[in-house]
Amino acid sequence: MTTTPTTGTPREIDLPIEGMTCASCVNRIERFLRNTDGVESASVNLATEIATIRYLPEVAGRDELVGAVEAAGYDVRPGVAPAPASIMAGPIDSEPETGSLARRLATDDATRAREDRYLLGQALASIAVALVLMVAMFVPQTRIPMETINWLALGPATFIQVWAGRRFYRAAWRAARHRSTNMDTLVAVGTTAAWLYSVAVTLFPDVIHEAGLHPETYFDSATIIIGLVLLGRWLEHRARASTTGAIRRLIGLQATTARRIDGEREVDVPLDEVVVGDLLRVRPGEKVPVDGVVVEGASAVDTSMLTGEPLPVEVTPGIEVVGATLNTTGTFAMRATRVGGDTALARIVDLVARAQGSKAPIQRVADRIAEVFVPIVLLIAVGTFAVWYLLGPEPRVTLAITAFISVVVIACPCAMGLATPTAIMVGTGRGAEAGILIRGGEALEVAHRVDAVVLDKTGTLTLGRPTVIDVVAAPGVAVEQVIDLAGALERGSEHPLGGAITARANEDELGFGRVAAFEAVVGGGVVGQVTTGTDGYEVIVGNRRLLEQRGIDLTPLATAIDDADGGGRTVALVAVDGRIAGLMTISDPVRAEAGAAVRELIAGGIDVWLVTGDARSTADAVGRQVGIPAHNVVAEVLPAGKAAIVERLQAAGRTVAMVGDGINDAPALASADVGIAIGTGTDVAIEAAPITLLGADPRGVAAAIGLSRATMTTVRQNLFWAFAYNIVLIPIAMGVLVPSFGIALSPALAAAAMALSSVTVVANALRLRSYDARPEAAHRM
């Protein structure tokens, strides 16, 4: 790769490529693009037929990039690639979008449907002609001489060779002009050899006889090879189209219209007309049209289609809502804050599209092999022909030609090129549907090797917000009064513990008394006067030290205080008019699914660690509750210390996944082999780590690793069969079984086997569509 020094900002563009047939095509296009001035990186995906290029616009433009693709011998499909470019990693600007993603996908689908219909028509016509020619071969020569049959076959076979076989010649010629070869080269060489020899036999039968050659024609073989290869490509295209279903299903979640509030009127408008700042009405049963903030009304919104969370989320004024989620019971008005490609759904679709178009490191091995594979196969085919022609028994010419054609036809590197990307497309798509966003093939590949998981506590294993879990009143005092007075006083506090007390008061519809002389005591609590009705009280809410300093006797609740203190819990004491009135036990509750998440990871052979900045007592209590061994619990650690622990595990040979909130755990997420951001919403989390769990269920960690393992198992199966197919069948096509068993592989069977190999690889990848990646599903890790 050559680049010109520049201080410009890189951009990224997706180019849809035409003419790729195998992994050697991928490698060639990537090499030409990377050698283009201004190109920083280029990745080509055979399954999606997309080239993703990162380049410097000051040095290279779209014309230069298209020129590089054409110089490699391929074409760029008119229009744009079916993936938006709204999310980038790092300081990258994207190419401007043209039209909505849904419309572009619809246009792309229509174009591909037309191409596939034409492809199928050519395949069926070729097979039909071949079958007729095969039947004619069985007609006794006493009724129709073979010379006559050959002349009758010449026209249809030539038509198929030129009409249906033209795509192979065109692609092979483009490759040859650039001193390269590909799968089309093999098909073109094999069918041309069969057709040319058959033409010579038909036009010059006497010359063939005088030369001592066998006067047998292969018109049927040439046409059936073309037909079966084209049919295989059609089946392959149909199967590959199924791998992109996840993107289409995600897009299908989007609303098509929005109800805009325009003064006193409410008008339904197309979603494309909604702009930031619009006031929108969302009624029961409707989808939230875009991202925004509730400004009026209240409801419960079902977010399961994006996050996987089963329970609806209560929304009130000031709460953010996400486009494509479903409003359930109430009506509310919202202010649009993100529209079009900036919405959470669009960003998720973008991430999935890029992940499906990415390349796992394991694929690069197959690409490098495929690049030299075709030339080697051509040499083997020529050598096979020479051996049979010089040393073979009669009819040696027939055996030599049959073996030559069979070798070049059966040796298809297409399956090698499809083995990895098809599995990645399906795997990342299944993950996205379950709320697991995987940024690319590299993260998916690394995740399956994870044998140590480091979990943050707050927001990962716990809810991430302090909650009042118990209230105890002193003798003669009602629990409601404790909650009412403490809740009223704490409304003036910004401390998280005060927020927990206020939230508990809100649940009981208490804590609305008037507050005067409010005072926040640093490190102690709050003090003030609370008036409820006509009664006024001097109220203190704080820790033991504050109340003792104020001369409050704690004896009436001494036992309750001792029982509540410790174990990761905080005790807020409440005093009223100089006497102890009650206590509130506050804790950050462990998520209900946390224990199951840890058990599933351990059952999968993964070493689980809890690393937190909280106190030792809190960390130990949470570790015991979820089942993490005490020696794997590390407390009172700063963010940089978390990264050091990750690096220590890596130094011991472990493959480490760090699970955190994607913000304060950034150093550890970056240091880990795989960073997993959990429960941080759909905005920050998308940018935070290679894998993001949109929901807050920690069982999603095991689900993500399980999905990675299932995907990589499929990749290995695909690569095994792709290589085994060639290793086993090329020798058979060469004729190694003829001397011992008299078994030779006909060109027709070679073509069928070649087509079947690609379809089999794609079909095996599609089995991943049945994998249940939801966090609540049982996973075999």
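Asker: An account of helix α16 (residues 479-490) is needed here, citing residue identities and associated values.
Answerer: The end-to-end C-alpha distance of α16 is 16 Å, a good match for the 16 Å that 12 residues give at a rise of 1.5 Å each. Counting buried positions along α16 yields 9 of 12 residues, so the element is predominantly enclosed.

Asker: Quick one: what's the story with the nonpolar core, residue by residue and with numbers?
Answerer: Ranked by internal contacts, the top residues of the largest apolar core, which has 132 residues, are Ile53, Val453 and Ile691. Examining the composition of this core, we find that 14 residues originate from one element, helix α25 (residues 699-734), more than from any other. Beyond its immediate sequence surroundings of up to four residues, Val453 is in contact with Leu601, Ile606, Asp607, Val608, Trp609, Ala657, Val659, Val701 and Ile705. Listed in part, the 23 residues of the second largest apolar core include Leu485, Ala486, Ala581 and Met584.

Asker: Mind laying out the confidence of the model for the protein, listing which residues take part and the relevant values?
Answerer: The predicted model of the protein averages 82 in pLDDT, with 86% of residues at 70 or higher. Residue range residues 1-6 is modelled with pLDDT below 50. Its contacts to residues more than four positions away, or to other chains, number 17 contacts. The model gives residues 80-99 a pLDDT under 50, and that stretch makes 62 contacts with residues more than four places away or in other chains.

Asker: Run through the packing of α16 against helix α17 (residues 496-507), naming residues and quoting values.
Answerer: With their axes 8 Å apart at the nearest point, α16 and α17 run at an angle of 130° to one another. Judged by the angle between their axes, α16 and α17 are oblique. Helix-helix and strand crossings are classified by hand; for α16 and α17 the assignment is left-handed. Contact with α16, carried on its side by Ile483, Ala486, Gly487 and Glu490, involves Gly498, Ile501, Thr502, Arg504 and Ala505 of α17 and no other residues of that element.

Asker: I'd like to hear about the side chain of Thr428, residue by residue, with values.
Answerer: Position of Thr428 relative to the elements: it lies in helix α14 (residues 414-433). Exposure remark for Thr428: the relative accessible area of 2% places this residue in the buried category. Among the polar contacts listed, one links the side chain of Thr428 to the backbone oxygen of Met425, at a separation of 3.3 Å.

Asker: Residues and numbers for the sheet that holds strand β24 (residues 633-634), please.
Answerer: The strand order across the open sheet built from 7 strands is β15-β27-β26-β25-β16-β23-β24, with neighbouring strands paired in mixed fashion. For this open sheet the edge positions go to β15 (436-438) and β24, each flanked by a neighbour on one side alone. Judged from the 2 bridges that link them, strand β23 (residues 607-611) and β24 form a sheet pairing that is parallel. Among the inter-strand pairings, Leu610 is bridged to a residue of β24, identified as Val633.

Asker: For the packing of aromatic side chains, give the residues involved together with the corresponding values.
Answerer: The geometry of an aromatic ring pair is captured by the separation of the ring centres together with the interplanar angle, meaning the angle of the planes. Counted by the stated rule, this structure contains 6 aromatic pairs. Plain terms: the ring middles of Tyr118 and Trp163 are 6.3 Å apart, the flat faces sit at 90° to each other, and that makes the pair edge-to-face. Of this pair, Tyr118 sits in helix α3 (residues 101-137) while Trp163 is found in helix α4 (residues 146-163), placing the two residues 45 residues apart along the sequence. Assessed through its relative accessible area of 41%, Tyr118 is described here as partly exposed. Overall, the relative accessible area of 23% leaves Trp163 in the partly exposed class. Pairwise contacts between aromatic rings join Tyr118, Phe159 and Trp163 into one cluster. The aromatic ring of Tyr389 is capped on one face by Arg396, whose charged end is 5.0 Å from the ring centroid.

Asker: Give a detailed account of the packing of α25 against helix α27 (residues 747-766), specifying residues and quantitative values.
Answerer: At a closest axis distance of 9 Å, the pairing of α25 and α27 adopts a crossing angle of 170°. On the basis of their axis angle, the class for α25 and α27 is roughly antiparallel. For the pair formed by α25 and α27, the contact residues are Thr714, Gln717, Asn718, Tyr725 and Leu729 on the first element and Ala750, Ala753, Met754, Ser757, Val761, Asn764 and Ala765 on the second. Counted by class, the contact of α25 with α27 contains 7 nonpolar, 5 polar and no charged residues.

Asker: Let's hear about the sheet that holds strand β10 (residues 299-302): which residues, and what values?
Answerer: Strand-to-strand pairing in sheets goes through backbone hydrogen bonds, with the strands running parallel or antiparallel. Spatially, the 3 strands line up as an open sheet ordered β11-β10-β13, and their pairing is antiparallel. Every interior strand has two partners, whereas the edge strands, β11 (313-315) and β13 (326-327), have only one.

Asker: Talk me through the environment of Glu296; I want residue IDs and the actual numbers.
Answerer: With respect to the secondary-structure elements, Glu296 resides in strand β9 (residues 291-297). The spatial distance from the C-alpha of Glu296 to the C-alpha of Phe332 is 5.5 Å, given a sequence separation of 36 residues. Ignoring anything within four residues of it in the chain, the contact list for Glu296 reads Arg281, Pro317, Thr331, Phe332 and Ala333.

Asker: Give me the lowdown on unusual backbone geometry, citing residues and values where you can.
Answerer: Here the phi dihedral of Ala324 falls at roughly 85°; this positive angle occurs in a residue that is not glycine. Along the chain, Ala324 turns up in the loop between β12 (320-321) and β13. Even without glycine at this site, Asp577 takes up a positive phi of about 50°. Among the secondary structure elements, Asp577 is positioned in the loop between β21 (570-576) and β22 (579-587). The class for Asp577 is partly exposed, based on a relative accessible area of 44%.

Asker: A description of the pairing of strand β16 (residues 452-455) should follow, citing residues and the corresponding values.
Answerer: Of the two faces of β16, the one lined by Ala452 and Val454 and the one lined by Val453 and Leu455 are each fully buried. Note: β16 against β23, 4 bridges, orientation parallel. The partner of Val454 across the bridge, within β23, is Trp609. Examined bridge by bridge, β16 and strand β25 (residues 656-660) share 4 bridges and lie parallel to one another. The residue bridging Val454 from the neighbouring strand is Met658, located in β25.

Asker: So what's going on with the pairing of strand β3 (residues 50-55)? Residues and values would help.
Answerer: Across 6 bridges, the pairing between strand β1 (residues 11-18) and β3 is antiparallel. The residue bridging Pro16 from the neighbouring strand is Ile50, located in β3.

Asker: Account for the pattern of salt bridges, naming residues and giving values.
Answerer: Under the counting rule described, the total for this entry stands at 22 salt bridges. Glu30 serves as the salt-bridge partner of Arg34, at 3.6 Å between the closest nitrogen and oxygen. Here Arg34 pairs with Glu30, and both are found in helix α1 (residues 23-34), just 4 residues apart, close to one helical turn. Taking relative accessible area as the criterion, Arg34 reaches 29% and is therefore assigned partly exposed. Judged by its relative accessible area of 1%, Glu30 falls in the buried class. Across the pair Arg544 and Asp562 runs a salt bridge, and its minimum N-O distance is 3.6 Å. Of this pair, Arg544 sits in helix α18 (residues 544-549) while Asp562 sits in helix α19 (residues 558-564); the two residues are 18 residues apart in sequence, bridging distant segments of the chain. Via salt bridges that share partners, Arg259, Glu266, Asp268, Arg281 and Glu296 belong to a single interconnected network.

Cut-offs and rules
- Residues numbered from 1 in each chain as written.
- Predicted model: local features only at pLDDT ≥ 70, side-chain atom pairs only at ≥ 80, totals over all residues.
- Heavy atoms only, no water.
- Helix = DSSP H or I, 4+ residues; strand = E, 2+ residues; numbered from the N terminus.
- Expected span 1.5 Å × (residues − 1).
- Buried < 20%, exposed > 50% of the residue type's maximum accessible area, 1.4 Å probe, protein only.
- Core = buried A, V, L, I, M, F, W, Y, C linked by side-chain atoms within 4.5 Å.
- Contact = heavy atoms within 4.5 Å.
- pLDDT = per-residue confidence, 0-100.
- Axes fitted to C-alpha atoms, helices over the stretch in contact; angles between N-to-C directions.
- Parallel < 35°, antiparallel > 145°, perpendicular 65-115°, else oblique.
- Left-handed = near helix turned anticlockwise from the far one by under 90°.
- Polar contact = N/O pair within 3.5 Å; in protein donor to acceptor, adjacent residues only side chain to side chain.
- Pairing = 2+ DSSP bridges.
- Phe/Tyr/Trp six-rings, centres within 6.5 Å; stacked < 30°, edge-to-face > 60°.
- Lys NZ or Arg CZ within 6 Å of the ring centre and 35° of its normal.
- Nonpolar A, V, L, I, M, F, W, Y, C, P; charged D, E, K, R; others polar.
- Salt bridge = Lys/Arg side-chain N within 4 Å of Asp/Glu carboxyl O.

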